Amino acid sequence: MNLETLNKEQKEAVMTTDGALLILAGAGSGKTRVLTTRIAYLIEEKQVSPHNILAITFTNKAAREMKERVSNLIGSMAQSIQISTFHAFGLKIVRENYDILGYDKNFVILDSEDSLTVIKRIMKEMNLDPKAYHPNAIKNKISSSKNELISPERYEQFAAGDFEKVVLEVYRRYQKTLKHNNSLDFDDLLVLPIELFRKHKDVLEHYQDHYQYVLIDEYQDTNEAQYILSKMISSKYKNICVVGDPDQSIYSWRGANYRNILNFETDYKNAKTILLEQNYRSTKTILDAANSVIKNNQGRKEKNLWSSKGEGDKISYYRAYDERDEAFYIIREIKQLLKKGVKEQDIAVLYRTNAQSHIFEEEFLKANLPFKIVGSIGFYSRKEIKDLMAYLRLIHNPKDNVSLMRIINVPKRGIGLKSIQNLIEKADRENISMYEAIDGGKEQSFKNVIEDLKKVSENVTLTELVDKILDSTGYKQELESEKSLEADIRLENLEEFKSITRAFEEAYGVISLEDFLLETSLVSDVEEYNNDPNRISLMTIHSVKGLEFDYVFVTGLEEGIFPHFNSLMDSGGLEEERRLCYVAITRAREKLYLLNARKRMLFGKDQVNPGSRFLSEIDTSLLDINTKEEPEAKIDKKDVLHDQDMNYEVGEYVYHDIFGMGRVVEIKGDLMSIAFKIGIKKLMKNHKSIHKVEE
DNA sequence: GAGTTATGTTTTTTT
DNA sequence: AACATAACTC
């Protein structure tokens, strides 16, 4: 096997196959290459059976890519390696042990939207005011408890406050409801395997013997449950290799604890650590910018990431007038790049929040630029697709009350809240599912339709079943008669859904409803089934982790957007935003563009945001600043701290700590319009202050 | 029970 | 601005 193209550290990381190994891999240091080569090395040089290897990634996309790359190295043997996300791996274990865990074989998986629905319903049942107790907050609390392996029983021991007491009771009922519906949520996919392993040592040992070599990618983003799970699986053979970069830990809100990676050496005795510090991806300029940003984080392990590439272009910074101008600028730049022969797939536009994608979508469409939105509102979370999935799930698992309630009156069957309430009560009283509780009334005809479909499902392919559902429920007909653009899009999406089921059928031969439902339950994106490569990628920074592009536009670099408002309060949050910024910058190979807007529509209102503090952390010598000469910002006198002297006059020069030097061009009551020159040079602590200057 | 209007809320990020 | 929920008619 040829390892000559690897550098010394990479080679060592590949060849250190036994024992605990920590690979601290800086951004762009060839981490995936090392991982895939290592897997190939295990199989080809160390004669490890592909069946005995478990490789865990963080996203489906990463898993797919790793599989493909290993496949390129060793061919079809790659198919036998368990390469998946933690959640998919957990699902596999649950599927193989559902009976011990006390579930029926036909369990279904709820996505977060479904979970929220369940929680809302429980809260209603408990007469809780959703304004006093935010359903989402409760859901997050329950989810993080589960990820920290805190059961309701344990939660009870420290639930002291009012809110916590509420959470406790909702948590209890939520767990009961899920079990009763024969359904699991995402978190259960981690919690249940651990429970299983704790109670059944023999089962654990079976999996330990099965997965003798364990590799975990993005280890800095593991949460407690994932940490425990990895530890359990690998504790017999102790061949665990983890890869990560503490500076790229961006999932603390999901319970990720980057101490897991910092503690690895004390945690696993005799662990070996290898540092990958040579960056093969980015130009020196880009790397300098990334380093100068991340070094502002306290208490991090200093590392010495260096690039073998040349200086490259300067980083373009553009401060746009508003979010539309920001989009225009990007479009102009992209058109020039395309003219120069750059391929669409080598360009990415990144943003902090999904909400920002709207304007890009709109303007890219108008400008005729081919793009794809990666992640975001996934295909499977569209209403019509969720409806259809609910039909499929109910057919598969009649205990699934969540799905039943979703579709019992879709399309309209004249079944209202009252009837549903009756069903809930009856089901509760007799301890049966709502579906079973249906006996007569308008609901009966719904039940008949489902019963009929259930029979049909035994004899037809999945795609035919979908057709039959859309037909016999009247779903398709309702949309067709609507004759609106929206309905047409929904119909198109349903057609698209059928092309997915067809693709599944081609790939697997005949696919059962069960396999299909579980296969798709962890995927939010349809991406993998129709990925037209010739497109510009638009995505959040979270989704871009692990990817790289020649040309990267990082947008919305404004205080409040990036770093996000919700993180401004605590230093931990801010540091995570900074790591996010580090991730964004290090995605770029050739050229980086940084953008922000002076004015941006937020919650329906215009807001003026100062430039992001992260910008000021980059040395201006790395930047090529392009800002319109006469940008105007409206400043509300009431909103700024300023000199005692309130009497500003048109034509006066002022200094704003964010926007820098400017000239007052108009005063209307408390609103002052100020034309600023370029304003990113000096960002100061006190963000909201202006004062007069002599000129 | 369904449809319309008024009111309030949301947006951080994902499996 | 877009969306969800609540309140209000028919």
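If you're wondering where the values come from, they're calculated on a predicted model, not measured in any experiment.

A. Region of interest: helix α4 (residues 86-97). Under the 1.5 Å per step criterion, the end-to-end length of α4 is 17 Å for 12 residues, consistent within 8% with the ideal 16 Å. What α4 keeps buried is the set Phe86, His87, Phe89, Gly90, Leu91, Ile93, Val94 and Asn97.

B. Structural context of the pattern of salt bridges. For the structure on display, the rule yields 55 salt bridges. The partner of Glu218 in a salt bridge is Lys31, and the shortest N-O contact between them spans 3.4 Å. Of the two residues, Glu218 is situated in the loop between β6 (213-216) and α11 (224-234) and Lys31 in helix α2 (residues 31-44); the sequence distance between them amounts to 187 residues. On the basis of relative accessibility, which here comes to 8%, the residue Glu218 falls in the buried class. One salt bridge in this structure joins Lys236 and Glu205, with 2.9 Å as the shortest N-O distance. Placement of the pair is Lys236 in the loop between α11 and β7 (240-244) and Glu205 in helix α10 (residues 201-210), with a sequence separation of 31 residues. Salt bridges linked by common partners bring Asp111, Glu113, Asp114, Lys383, Lys386, Asp387, Arg393, Asp400 and Arg406 together as one network.

C. Spatial organisation of the packing of aromatic side chains. Scanning the entire structure with this criterion turns up 18 aromatic pairs. Taking 5.5 Å as the distance between ring centres and 50° as the angle between the ring planes, the aromatic pair formed by Phe197 and Tyr207 counts as tilted. Of this pair, Phe197 sits in helix α9 (residues 188-199) while Tyr207 sits in helix α10; the two residues are 10 residues apart in sequence, bridging distant segments of the chain. Accessibility assignment for this pair places Phe197 and Tyr207 in one class, buried. Centre to centre, the rings of Phe553 and Tyr593 are 4.1 Å apart; their planes meet at 15°, and the pair counts as stacked. With Phe553 in strand β15 (residues 549-554) and Tyr593 in strand β16 (residues 588-602), the pair connects residues that are 40 residues apart, well separated along the chain.

D. Quick peek at the environment of Ser145. Within the secondary structure layout, Ser145 lies in helix α6 (residues 135-147). Owing to a relative accessible area of 4%, Ser145 belongs among the buried residues under this scheme.

E. Inspection of the protein's contact with DNA strand B at higher detail. The immediate surroundings of DNA strand B are formed by 31 residues, with His134, Arg352, Asn354, His564 and Asn566 found nearest. Considering the 4 Å shell around the protein, atoms of DNA strand B inside it are sugar or phosphate in 60% of instances. Arg254 places a polar side-chain atom, nitrogen or oxygen, 3.1 Å from a base oxygen of DNA strand B. Interatomic distance of 3.4 Å between a side-chain N/O atom of Asn409 and a phosphate oxygen of DNA strand B. Only α19 (417-430) and α26 (541-544) provide two or more residues apiece to the surface near DNA strand B. A total of three residues in the surface near DNA strand B trace back to one element, the largest contributor, which is α19.

F. Molecular detail of empty space enclosed by the protein. Applying the stated criterion across every chain, the model contains one cavity of 30 Å³ or more. The space that makes up the largest cavity amounts to roughly 40 Å³. For the lining of the largest cavity, the secondary-structure elements that each account for two or more residues are β2 (53-57), α4, β6 and α11. Top element by residues in the lining of the largest cavity is α11. It accounts for three residues.

G. Up close: the protein's contact with DNA strand C. The full set of residues close to DNA strand C is Lys120, Met601, Phe603 and Gly604. Lys120 places a polar side-chain atom, nitrogen or oxygen, 3.0 Å from a phosphate oxygen of DNA strand C. In terms of residue class, the surface near DNA strand C is built from two nonpolar, one polar and one charged.

H. Summary view of the sheet that holds β2. Here we have six strands laid out as an open sheet, ordered β3-β2-β6-β7-β1-β8, and parallel in their pairing. Each edge of the sheet is formed by a strand with only one pairing partner; in this case those strands are β3 (82-85) and β8 (272-276). Put simply, the sheet's adjacent strands are angled 15° from each other on average, direction ignored. Bridge count for strand β1 (residues 21-25) against β7 is four bridges, and the pairing is parallel. Across the sheet, residue Ile23 finds its bridge partner in β7, namely Val243. Relative to β8, helix α1 (residues 8-15) is tilted by about 145°, and along the sheet it contacts β1 and β8. Against the sheet, α4 engages β2, β3 and β6, with an angle of about 115° to β3.

I. A negative patch on the surface, seen in detail. On the surface, a cluster of negative charge is made up of Glu478, Glu482, Asp488 and Glu492. Looking at the negative patch, the elements with two or more residues in it are α23 (475-482) and α24 (485-508). As for its placement among the helices and strands, Asp488 is situated in helix α24.

Calculation rules
- Residues numbered from 1 in each chain as written.
- Chains lettered and ligands numbered in written order.
- Predicted model: local features only at pLDDT ≥ 70, side-chain atom pairs only at ≥ 80, totals over all residues.
- Heavy atoms only, no water.
- Helix = DSSP H or I, 4+ residues; strand = E, 2+ residues; numbered from the N terminus.
- Expected span 1.5 Å × (residues − 1).
- Buried < 20%, exposed > 50% of the residue type's maximum accessible area, 1.4 Å probe, protein only.
- Salt bridge = Lys/Arg side-chain N within 4 Å of Asp/Glu carboxyl O.
- Phe/Tyr/Trp six-rings, centres within 6.5 Å; stacked < 30°, edge-to-face > 60°.
- Near = heavy atom within 4 Å.
- Polar contact = N/O pair within 3.5 Å; in protein donor to acceptor, adjacent residues only side chain to side chain.
- 1 Å grid on protein atoms, 1.4 Å probe; cavity = no way out; pocket = protein on both sides within 12 Å on 5 of 7 lines; lining within 4 Å.
- Points joined across faces, edges and corners; volume = space filled by probe spheres on them.
- Nonpolar A, V, L, I, M, F, W, Y, C, P; charged D, E, K, R; others polar.
- Pairing = 2+ DSSP bridges.
- Axes fitted to C-alpha atoms, helices over the stretch in contact; angles between N-to-C directions.
- Contact = heavy atoms within 4.5 Å.
- Patch = residues over 30% accessible without salt bridge, like charges linked within 9 Å, V, L, I, M, F, W, Y side chains within 5 Å.
- Areas by Shrake-Rupley, 256 points an atom, 1.4 Å probe, with all protein chains shown as cover.
- Lys, Arg positive; Asp, Glu negative; His and termini not counted.
- Charge placed at Lys NZ, Arg CZ, Asp CG, Glu CD.

It is worth stressing that arrangement in space is one thing and function is another; only the former is reported here.
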